[in-house]
Amino acid sequence: MKFRRILTILILILVVYFSTTFIMKNYIFPYKYSTYIEKHSEEFNVDPYLVLAMIKAESNFNNKAESKKGAKGLMQIMDSTGEWAAKELGINYFLPSMLFDEDLNIRMGCWYLANLEEEFGDIDLVIAAYNGGSGNVNKWLNDEDFSSDGEKLDYIPFNETKKYVDKVKVYYNIYKYLYEK
């Protein structure tokens, strides 16, 4: 009798675990656009889980997303960043509407992340710069009120950027947990 009860509880725990994982993977934290993410994260040597976390935070996988400020597509790329990326990537013909193309948007987003990683190295700084701009992050690093060592931020003065960094890091850890082999 006691054995049956323990077995029933264990089976129930397993069912809850696997159904929760299924729901998390398929509905809450999907791995959409995996072909593009894997191809371009490898091309630019960026962590695919970071790309997933940023897409989740930026557009929640809506390739038609457009912000009030005009950022477009999955990784919410501004027109000016798209023009710069297109030039750097050797794309001779660029229109802002092209940012809604999933493949191109992810490619440009990965390229931009690689640039930020080269500039800052630290993942928190990269995420902050993606949201708040690299100019602002450099200013903060040079200000003793925000950085005690000029290498890491002790305080992010833009509340939106602070929340964004925290959100992306949570999403990143969830994606790693769910999909890391």
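Relevant structure appears above.
First things first, this report covers the structure right here in the doc. Fair warning: this is a prediction, and the values are worked out from it, not measured in the lab.

1. Some remarks on the pattern of salt bridges
Okay, so step 1: The tally for this structure, following the rule as stated, stands at eight salt bridges.
Okay, so step 2: The partner of Lys 39 in a salt bridge is Asp 103, with the nearest N and O atoms 3.7 Å apart. Of the two residues, Lys 39 is situated in helix α2 (residues 34-43) and Asp 103 in helix α5 (residues 102-120); the sequence distance between them amounts to 64 residues.
Okay, so step 3: Measuring nitrogen to oxygen at the nearest pair gives 3.8 Å for the salt bridge that ties Lys 176 to Glu 180.
Okay, so step 4: Here Lys 176 falls in the partly exposed class, since its relative accessible area comes to 26%.
Okay, so step 5: Overlapping salt bridges bring together Glu 66, Lys 72 and Asp 79 as one network.

2. A short note on the side chain of Ser 147
Okay, so step 1: Structurally, Ser 147 is set in the loop between α7 (134-141) and α8 (159-179).
Okay, so step 2: We classify Ser 147 as buried; its relative accessible area is 3%.
Okay, so step 3: Reaching out from Ser 147, the side chain makes a polar contact with the backbone oxygen of Lys 152 at a distance of 2.6 Å.
Okay, so step 4: Setting aside residues no more than four positions away along its own chain, Ser 147 makes contact with Trp 140, Leu 141, Lys 152, Leu 153 and Asp 154.

3. Brief notes about the side chain of Asp 122
Okay, so step 1: Tracing the backbone through its elements, the reader meets Asp 122 in the loop between α5 and α6 (123-132).
Okay, so step 2: Using a relative accessible area of 17% as the deciding quantity, one classes Asp 122 as buried.

4. With respect to the layout of surface pockets
It is a probe the size of a water molecule, rolled over the atoms, that shows where empty space is left.
Okay, so step 1: If you add up the space inside the largest pocket, you get close to 740 Å³.
Okay, so step 2: If you list the elements that add at least two residues to the lining of the largest pocket, you get α3 (48-59), α6 and α8.
Okay, so step 3: Element by element, the count of residues in the lining of the largest pocket is highest for α8, at five residues.
Okay, so step 4: By volume, the second largest pocket amounts to about 200 Å³.
Okay, so step 5: Around the second largest pocket, the lining residues are Asp 122, Asp 124, Leu 125, Lys 152, Leu 153, Asp 154, Tyr 155, Ile 156, Lys 162, Val 165, Asp 166 and Lys 169.
Okay, so step 6: When contributions to the lining of the second largest pocket are tallied by element, the ones reaching two or more residues are α6 and α8.
Okay, so step 7: Here the lining of the second largest pocket gets four residues from one element, more than from any other, and that element is α8.
Okay, so step 8: Each residue belonging to the lining of the second largest pocket can be placed in one class, and the counts come to five nonpolar, no polar and seven charged.

So, how was this worked out
Residues numbered from 1 in each chain as written. Predicted model: local features only at pLDDT ≥ 70, side-chain atom pairs only at ≥ 80, totals over all residues. Heavy atoms only, no water. Salt bridge = Lys/Arg side-chain N within 4 Å of Asp/Glu carboxyl O. Helix = DSSP H or I, 4+ residues; strand = E, 2+ residues; numbered from the N terminus. Buried < 20%, exposed > 50% of the residue type's maximum accessible area, 1.4 Å probe, protein only. Polar contact = N/O pair within 3.5 Å; in protein donor to acceptor, adjacent residues only side chain to side chain. Contact = heavy atoms within 4.5 Å. 1 Å grid on protein atoms, 1.4 Å probe; cavity = no way out; pocket = protein on both sides within 12 Å on 5 of 7 lines; lining within 4 Å. Points joined across faces, edges and corners; volume = space filled by probe spheres on them. Nonpolar A, V, L, I, M, F, W, Y, C, P; charged D, E, K, R; others polar.

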